[in-house]
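Overview (structure and organization)
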Amino acid sequence: MARRFRVAIYAPHFAEYSYRLAAALAKHCDVRLVLNRKDANQQWNLDWIPAPDRFDTRIRDLSLRRSGAIGLPRSFLDILTFRPDVVHCHECPEYFTAGLMELLRLTSFPRILTVHDAIPHSEGGSGTNTSEERLRDRMRAGATHVTVHGQSCIADFSRASPDYRGEVTSSMHGVLMVPPAGTTQLQATEGRILFFGRMWAYKGLDVFLDAIDLLSKRGVRHQAIVAGRGPEMTRLGERMAGMPSINAIDAYISPADTSTLFQSAEVVALPYKDASQSGVLASAFGNRRPVVASATGGIPDVVIDGVNGLLVPPADATALADALERVITSRSLATSLTDGAHQTAAGSLSWDHIAESLHATYRRVAGA
């Protein structure tokens, strides 16, 4: 019996993303997934993700204290003993991924690196200090092949890492935060707008609040939910408290509550000042909700204006308010965009589609 192709995925971060990818890849090849215990526990309920074809999952303690010091060598052994044809890692500027990439350079395994942010965000987020830049450069130097989320991100990566000599290809960001199969889809609340995620400055929360002010002044019936944690919740908390149409939730959102938040909204706002790709966008589409988003970075690679969402210029509160008003005041437009979001989630952002394409890339890189 012929040996199946083998893929090892190392993911100290991006647990839900990696688990969904592993579950889809398992239809094509043998998979061993190595996760960080803390990240796996904090992200989506992994038991909710269907995995009809079995794959091997290893949970390791990866931290800079206590038993975390041996988490890296254990993870390296997890990969060595699996004898993979390729190893797939996620770029995140921390020591565990950078350290593993250095160790893997001592082996003959081809190394696939998914770069989520080719260029660090302008205001906050990861990869924005000298130490993180060095870690990122080390990971990219150790990669045999790089994947990014969209054609726009390929151009960004080429500008950020002009000395990289390997191949760079696009692999889209699959849907996230999708409730278990069989769960009844909730009806959207009329006029509800959701702003969700980690509250860093580049996400444009201040622009969103300016747009909500405009909707209020125009007399447009609406309600806005701002849900997540981060420094912008502190900086803009007092302002939001004085805005009657805003419900600010500065807390950890459980998986069940996350699905409810997305599905109860008519539209999800992504007024990012800059972006590569967005897990919030993938989550909105996965929950059958359209978006109003900034036309920046890789977002226009996914959001087709008038089909599954509306695109607006970055940092333009008036344009954002205009687009949000169009969606929440036109039932026919909201229905059309919702259908488009669902079709995108079932098509280019489906994990089966992504896994099939990645499996072909793996085999080509490995010379199989």
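Quick look at the structure, then. None of the values given here were measured: they were computed from a predicted structure. (Residues numbered from 1 in each chain as written. Predicted model: local features only at pLDDT ≥ 70, side-chain atom pairs only at ≥ 80, totals over all residues. Heavy atoms only, no water.)

The helix and strand tally for the protein chain stands at 14 helices and 13 strands. A principal-axis box enclosing the C-alpha atoms of the protein chain has dimensions of 65 × 45 × 40 Å. Burial status across the protein chain gives 55% buried among its 368 residues. Taking contacts inside the protein chain between residues at least 6 apart in sequence as the whole, the part at least 24 apart equals 70%. Of the roughly 15900 Å² of accessible surface on the protein chain, 49% is carried by carbon and sulfur atoms. Between the mean site of the 39 positive side-chain charges and the mean site of the 38 negative ones, the protein chain shows a separation of 7 Å. (Helix = DSSP H or I, 4+ residues; strand = E, 2+ residues; numbered from the N terminus. Buried < 20%, exposed > 50% of the residue type's maximum accessible area, 1.4 Å probe, protein only. Contact = heavy atoms within 4.5 Å. Areas by Shrake-Rupley, 256 points an atom, 1.4 Å probe, with all protein chains shown as cover. Lys, Arg positive; Asp, Glu negative; His and termini not counted. Charge placed at Lys NZ, Arg CZ, Asp CG, Glu CD.)

At their nearest, the axes of helix H7 (residues 205–218) and helix H12 (residues 317–329) sit 8 Å apart, and the two run at 60° to each other. Relative to H12, the element H7 is oriented oblique. Along this stretch, H7 crosses H12, giving a crossing that reads as right-handed. Listed contacts from H12 to Val-207, Phe-208, Asp-210, Ala-211, Leu-214, Leu-215 and Arg-218 of H7 are Ala-317, Thr-318, Leu-320, Ala-321, Asp-322, Leu-324 and Glu-325. In terms of residue class, the contact of H7 with H12 is built from nine nonpolar, one polar and four charged. (Axes fitted to C-alpha atoms, helices over the stretch in contact; angles between N-to-C directions. Parallel < 35°, antiparallel > 145°, perpendicular 65-115°, else oblique. Left-handed = near helix turned anticlockwise from the far one by under 90°. Nonpolar A, V, L, I, M, F, W, Y, C, P; charged D, E, K, R; others polar.)

Here the focus is the pairing of strand S7 (residues 167–170). Sheet analysis places strand S6 (residues 145–148) next to S7, joined by four bridges and oriented parallel. Paired with Val-146 across the strands is Val-168, a residue of S7. Crossover S6 to S7 through helix H6 (residues 151–160) is right-handed. (Pairing = 2+ DSSP bridges. Right-handed = clockwise from strand over helix to strand, strands pointing away.)

Another aspect to go through is the pattern of salt bridges. Working definition: two side chains of opposite charge can pair if their charged atoms are close together. In the structure shown here, the tally under the stated rule is 22 salt bridges. For the salt bridge of Arg-159 with Asp-156, the shortest nitrogen-to-oxygen distance reads 2.2 Å. Taken together, the positions of Arg-159 and Asp-156, both in helix H6 and three residues apart, correspond to about one turn of that helix. In this structure Arg-159 comes out as exposed when scored by relative accessible area, which is 57%. Judged by relative accessible area, which is 13%, Asp-156 ranks as buried. Across the pair Arg-364 and Glu-167 runs a salt bridge, and its minimum N-O distance is 2.6 Å. Here Glu-167 lies in strand S7 and Arg-364 lies in helix H14 (residues 351–366), a separation of 197 residues in the sequence. The exposure class of Arg-364 is partly exposed, given its relative accessible area of 45%. Because the salt bridges share partners, they merge into one network encompassing Arg-32, Asp-56, Arg-58, Arg-60 and Asp-78. (Salt bridge = Lys/Arg side-chain N within 4 Å of Asp/Glu carboxyl O.)

Trans is the common state for peptide bonds, and a negative phi is the common state for residues other than glycine. The residue Phe-14 is not glycine, and still its phi comes out positive at about 65°. Within the secondary structure, Phe-14 is located in the loop between strand S1 (6–11) and helix H1 (15–25). Here the phi dihedral of Arg-83 falls at roughly 55°; this positive angle occurs in a residue that is not glycine. Tracing the backbone shows Arg-83 in the loop between helix H3 (71–82) and strand S4 (86–90). For Arg-83, a relative accessible area of 56% puts it in the exposed group.

Attention now moves to the sheet that holds strand S10 (residues 246–249). Within the open sheet, the six strands sit side by side as S10-S9-S8-S11-S12-S13. Their pairing is parallel. Each edge of the open sheet is held by one strand with a lone partner, namely S10 and strand S13 (309–312). Here the average twist between neighbouring strands, direction ignored, is 20°. Pairing between strand S11 (residues 267–270) and strand S12 (residues 291–294): three bridges, direction parallel. Residue pairing for S12: Leu-270 is matched across the bridge by Ala-293.

Before going further, it helps to spend a moment on the environment of Gly-340. With respect to the secondary-structure elements, Gly-340 resides in helix H13 (residues 331–346). On the basis of relative accessibility, which here comes to 5%, the residue Gly-340 falls in the buried class. Placed 51 residues apart in sequence, Gly-340 and Arg-289 show a C-alpha to C-alpha distance of 9.0 Å. Sequence-distant contacts of Gly-340, defined by excluding residues within four places in its chain, comprise Val-307 and Asn-308.

Attention now goes to the packing of aromatic side chains. What the rule picks out here adds up to six aromatic pairs. Plain terms: the ring middles of Tyr-17 and Trp-351 are 4.9 Å apart, the flat faces sit at 85° to each other, and that makes the pair edge-to-face. Here the residue Tyr-17 occupies a position in helix H1, and Trp-351 occupies one in helix H14, the gap between them amounting to 334 residues. Note on accessibility: Tyr-17 and Trp-351 belong to one class, buried. Ring geometry for Tyr-202 against Tyr-272: centres 6.2 Å apart, planes inclined by 70°, an arrangement best described as edge-to-face. Residue Tyr-202 is found in the loop between strand S8 (192–196) and H7, and its partner Tyr-272 is found in the loop between S11 and helix H11 (279–286); the two are separated by 70 residues along the sequence. A relative accessible area of 9% places Tyr-202 in the buried class. Arg-6 extends its terminal NZ or CZ atom over the ring of Phe-82, reaching a point 5.0 Å from the ring centre. (Phe/Tyr/Trp six-rings, centres within 6.5 Å; stacked < 30°, edge-to-face > 60°. Lys NZ or Arg CZ within 6 Å of the ring centre and 35° of its normal.)

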